[in-house]
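# Overview (structure and organization)
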Amino acid sequence: MSRLSTTKSRVKDAALHWREAPSSSTASVNTAFCKSYDHIRSLPSPMVDAISAAGSCFQPLWECLNGTGMIDVANQEISSFLRVKSNWSDLDKARDSLRAIEMMVKAEVTRELDKLNICDPQVQVWLNRVEELQLDTIDEDYSQFMRYSCLCQCTMHAARRAWIDKRVVEALEEVNKLIDEGRGFKKFGFKPLPDIVEHLPQIETFGLESMLTQLHDLLEKSDSSVIGVWGEGGIGKTTLLHIFNNDLGRKAHDYQVVIFIEVSNSETLNTVDIQQTISERLNLPWIEAEAVEKRAKFLVKALARKRFVVLLDDVRKKFKLEDVGIPTPYTNSKSKLILTSRYQEICFQMGAQRSLIKMQVLDATAAWNLFLSKLSNEASAAVKSPSSNNVVRERAKVICKSCGGLPLALNIVGTAVAGLEEPDDWISAADAITVKNSYDGVDEMFAQLKYSYDRLTPTQQKCFLYCALFPEYGSISKEQLVDYWLAEGLLLNDCENGYRIIRSLVSACLLQTSGSMSSKVKMHHVIRRLGIWLVNKTDQKFLVQAGMALDNAPSPEKWKGPARISIMSNDIKELSFSPKCKNLTTLLVQNNPNLSKLSLGFFKFMPSLKVLDLSHTAITLLPECETLVALQHLNLSHTNITVLPERLWLLKELRHLDLSVTVALEDTLDNCSKLHKLRVLNLFRSHYGIHDVNDLNLDSLKALLFLGITIYSEDVLKKLNKTNPLAKPTHRLNLKYCREMHSMRISDLNHMEHLEELYIESCYDLTTLVSDAELTTSCLQFLTLSVLPSLENVIVEPMPHHFRYVRKLVIMKCPKLQNITWILRLEMLERLVVCHCDEMVQIVDSVEKSGVQKLKGQDHPSEEQEDLHNEQDCDYQIASVSESSDGAARTDFLKLRSIVLTDLKKLKNICKPRDFPSLDTIRVEDCPNLRNIPLSSTHDFGKLKQVCGSFDWWEKLRWENKKEAAQMESKYFIPI
């Protein structure tokens, strides 16, 4: 029996081997049966004879069947049966490979989405196909089939087997196809095309539909190139323009850019602000020192090359568009200009005679709906109660009607009564809001708006009124507001409370967010007038003549009573009197660029003054001010002051002293070290700096939180770098004229853990700058290297290094730098400015081999430099190279938005063509040997807006072909 069992086992193994083998493996199957036959022959003779006899009996039948072809058919059926399992096994393995590739593709897509890119459509289709694969049912059917099938039953399940095999084969082919496609992906995402419209804040509106329709209809007319919208203040002109602006972003109009500009030119035209807005929307570099007239001509050229829609909000006086940088769109032009004004006559003067819309107040239904939208759920329920004697609804109707259909009043008043529920509260509110004005010449809606002001806390009221000191146009810095409020004692030294109050005022509709700038707010001109009116009703008067184009200051008599005076943003030349201002707490004089003279006794009678801002004026001397015993905030930045008053140290309450960019300041007369309450001391980029170790005597400033400093000596820097208490509050550092400082490591600044800006200039002996591995978290975002005639080597080590968060890099007058390949390691770099570097041949070295760039060393390095180079592996700097060894491009400059190159006489190359996914502007001036820019049709530069340069330079650029040259010129080139 044992011999027979062994034989059965051998035959069974052969059959299983045949069953599991693919159809191409017949040789191995035959070998298996031959082994079984050999085993049979080894059996005892009687058994062999029996088997032989049986075989002899079946021989005629076998020959007969073979002759009919049935044996071949059976053989094919059996082979097909055995092939099912083989194919399923292949499918199982392929599925595992597909899962791995899918994970890799999804990871790459996630990485692109994290960079705010869009998934490549082909990749998304591939992922969808992978998702739609239904292999689970095939697995189930196959398992069930194999459970009830065997070799001897194969023909009994032929139909089912064929159906399963077909599905397995088809699935295997699809999976293999997906595997090949997945492995072939090189690009997984790309930057979305830039929006032609910058989305503006928008609130829910009622009753503006008809006027919005009129505006869109006029836009479609070819003869309506200039469109005017006019109506009284608070009627909703700005809101209408915001909605229209956002609508253009949702509709497929044939425009390349839509620009929204707040004008508000009641007294003076804010030309620079308008030009800055246009430059930002066109992604053009901003050059502060450029003349307004020259910039206007350039912007006209840049904008004229585009199909544009310019939205001018709140135009109060006629002005010439070209003077600010806007080309006049002519009849049948595809470009459009839309303006809003309080006055119909202004619309006519600006060219909107034929296309004019008059804003109407809201009808009763729209006004009621707008009012209800501002109420809380509880207040709204009380108003809508079906009671026949609903006092709440009655009073709410009275309040709504008192707003006269003006959206501004409805928004503010509705917000103020939003939480009222009880009838008595509504009665009191209605009585307060509907009281008749007893003041001549006062806006009728002020009584309604005052109710919202009355709902504020006393501190919020004071902070709100302070905002009225700023000009009607433009924005207000939140940080500046909070600094002023702190000095005035409105916040009890709680800085965060200041920002909470700003949010409260925005929620109450008394302040507005300033477009996309989260750091600024603005005040509606009607609300500002309300603030000034409210101030005049109090004991603390204001004198506000900000932004009124004044040539002369208000007369001394007008200075006597006010608690706060603002004459900022004018053209006042001198303040040659000694006003008697015993109640004055705030004096804002900044942004009078031609103000050069203050009388010697100007501050003599200002004992209560707490805030004094003289920044951005031309004063050269600050009169003696020892009488300003209450002063807490003094801003003298961007002035020509040469020396601080001798007895400034007597201002014991001073907490904020800004002397930044005081280019003529020679001496502080040791005043700063004696101002023990200082929290902010800013001497960044001042001509005055610390020359000697013994001069660094600011240790007494225990309360210091922010320090901007200029240092003239390496020894001083070393002392500051140690565990000096001044290191921690240092946010801005200017190194200047540091003699015999041959090299510098950024790691030496580790104790300056809050350092945000580093400005190295006129250090004539500096040859090597090393951004080594950071030991602490770096905050450095702005780096400037200026007038460094010996600088040859800038070494940036692998991540993490101290330049890893640098967003803006400026390199000026560094004549020995031949390239700055190390910028490839500045992953957060957004803006690059290189100018007046005589030996700069290329920005990124075109010879990049295996990721190693050789440094250019000095002929006779000092011992210190030799030690430094040894530590840096002698002669080599490892660079984050953008090309791999096979020449395939990788993206290095992921965030780079702007490249400005000026006066680089030897510059021949920027870098090899590569992807610039964020680049929007290239500006080239006076680079006569630059013959190419790193843009090509095979690389991504989808956000590019402008390439600015001279006609002569552009005509000499080399391109792959004439078609590419023509396309680049028509789409991007802006002549300068």
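Before reading on, note that the structure itself is shown above.
The model shown is predicted, which means the values in this text are computed figures rather than measured ones.

### Thoughts on the pattern of salt bridges
Enumeration over the complete set of coordinates arrives at 28 salt bridges. Of the charged contacts in the structure, one is a salt bridge between Glu174 and Arg129, with a shortest N-O distance of 3.2 Å. Taken together, the positions of Glu174 in helix 7 (residues 158-184) and Arg129 in helix 5 (residues 121-132) put the pair 45 residues apart, joining distant regions of the chain. Residue Arg129 is classed as partly exposed on the basis of its relative accessible area of 23%. Note that Glu472 is salt-bridged to Arg316, the shortest N-O span being 1.8 Å. You can see Glu472 sitting in the loop between helix 20 (458-466) and strand 8 (476-477) and its partner Arg316 sitting in the loop between strand 5 (308-313) and helix 12 (321-324), a full 156 residues away along the chain. The burial state of Glu472 is the same as that of Arg316; both residues are buried. One network of salt bridges, in which partners are shared, links Asp314, Arg316, Arg342, Glu472 and Arg528.

### Concerning the sheet that holds strand 5
Each strand in a sheet pairs with another by means of backbone hydrogen bonds, the pair being arranged parallel or else antiparallel. Here we have five strands laid out as an open sheet, ordered 4-5-6-3-7, and parallel in their pairing. Unpaired on one side and paired on the other, strand 4 (257-262) and strand 7 (356-358) mark the two borders of the sheet. Direction aside, the axes of adjacent strands within the sheet are offset by 15° on average. Here three bridges tie strand 3 (residues 226-230) to strand 7, and the two strands are oriented parallel to one another. Looking at the pairing, Trp230 lines up with Lys358 of strand 7.

### A short note on the packing of helix 19 (residues 446-454) against helix 23 (residues 525-536)
Where helix 19 meets helix 23, the closest approach of the two axes is 11 Å, and the angle between their N-to-C directions is 80°. Overall, the two elements helix 19 and helix 23 adopt an arrangement that is roughly perpendicular. Contact with helix 19, carried on its side by Phe446, Leu449, Lys450 and Tyr453, involves Val526, Ile527, Arg529, Leu530, Trp533 and Leu534 of helix 23 and no other residues of that element. In terms of residue class, the contact of helix 19 with helix 23 is built from eight nonpolar, no polar and two charged.

### Topic: the packing of aromatic side chains
Following the criterion strictly, the structure yields 21 aromatic pairs and no others. Relative to Trp822, the ring of Phe803 lies with its centre 6.4 Å away and its plane at 45°, an arrangement referred to as tilted. Taken together, the residues Phe803 in the loop between strand 26 (793-796) and strand 27 (808-812) and Trp822 in the loop between strand 27 and strand 28 (831-835) connect sequence positions 19 residues apart. Taking the centre distance of 6.1 Å and the plane angle of 65° together, the rings of Trp953 and Trp954 count as edge-to-face. There is no split in this pair, since Trp953 and Trp954 are both buried. Through a chain of ring-to-ring contacts, three or more aromatic side chains come together here, namely Phe951, Trp953, Trp954, Trp959 and Phe973.

### What about the sheet that holds strand 22 (residues 743-745)?
With parallel pairing, the three strands of this open sheet are ordered in space as 22-24-26. At either end of the open sheet lies a strand with only one pairing partner, and these are strand 22 and strand 26. On average, adjacent strands in this sheet sit at an angle of 10° to one another, irrespective of strand direction. Bridge analysis of strand 24 (residues 768-771) against strand 26 gives four bridges, and the strand direction is parallel. If you follow Val770 over to strand 26, its bridge partner there is Ile795.

### As for the environment of Ile287
The topology assignment puts Ile287 in the loop between helix 10 (271-281) and helix 11 (292-304). Placed 11 residues apart in sequence, Ile287 and Gln276 show a C-alpha to C-alpha distance of 9.7 Å. Once residues lying within four places of it in the same chain are set aside, the contact partners of Ile287 are Arg295, Arg923 and Glu925.

### Details of a negative patch on the surface
Residues Glu666, Asp667, Asp670, Asp692, Asp695 and Asp715 make up a contiguous surface patch of negative charge. Within the secondary structure, Asp695 is located in the loop between strand 19 (680-682) and strand 20 (706-711). Taking the relative accessible area as the measure of exposure, Asp695 reaches 36% and is therefore partly exposed.

### A short note on the side chain of Arg295
The topology assignment puts Arg295 in helix 11. At 3.0 Å, the side chain of Arg295 forms a polar contact with the backbone oxygen of Glu290. Once residues within four sequence positions are removed from consideration, Arg295 is found in contact with Gln275, Trp286, Ile287, Glu288 and Glu290.

### A closer look at helix 9 (residues 237-250)
Taking 1.5 Å of rise per residue, the 14 residues of helix 9 would be expected to cover 20 Å, and the 20 Å separating its terminal C-alpha atoms lies within 8% of that figure. Taken across its 14 residues, helix 9 has 10 buried, putting it largely inside the fold. Regarding helix 9, the residues found buried are Lys237, Leu240, Leu241, His242, Ile243, Phe244, Asn245, Asn246, Asp247 and Leu248. For helix 9, the secondary structure elements touched by its buried residues are helix 8 (209-220), strand 3, strand 4, strand 5 and strand 6 (336-341).

Calculation rules
- Residues numbered from 1 in each chain as written.
- Predicted model: local features only at pLDDT ≥ 70, side-chain atom pairs only at ≥ 80, totals over all residues.
- Heavy atoms only, no water.
- Salt bridge = Lys/Arg side-chain N within 4 Å of Asp/Glu carboxyl O.
- Helix = DSSP H or I, 4+ residues; strand = E, 2+ residues; numbered from the N terminus.
- Buried < 20%, exposed > 50% of the residue type's maximum accessible area, 1.4 Å probe, protein only.
- Pairing = 2+ DSSP bridges.
- Axes fitted to C-alpha atoms, helices over the stretch in contact; angles between N-to-C directions.
- Parallel < 35°, antiparallel > 145°, perpendicular 65-115°, else oblique.
- Contact = heavy atoms within 4.5 Å.
- Nonpolar A, V, L, I, M, F, W, Y, C, P; charged D, E, K, R; others polar.
- Phe/Tyr/Trp six-rings, centres within 6.5 Å; stacked < 30°, edge-to-face > 60°.
- Patch = residues over 30% accessible without salt bridge, like charges linked within 9 Å, V, L, I, M, F, W, Y side chains within 5 Å.
- Areas by Shrake-Rupley, 256 points an atom, 1.4 Å probe, with all protein chains shown as cover.
- Lys, Arg positive; Asp, Glu negative; His and termini not counted.
- Charge placed at Lys NZ, Arg CZ, Asp CG, Glu CD.
- Polar contact = N/O pair within 3.5 Å; in protein donor to acceptor, adjacent residues only side chain to side chain.
- Expected span 1.5 Å × (residues − 1).

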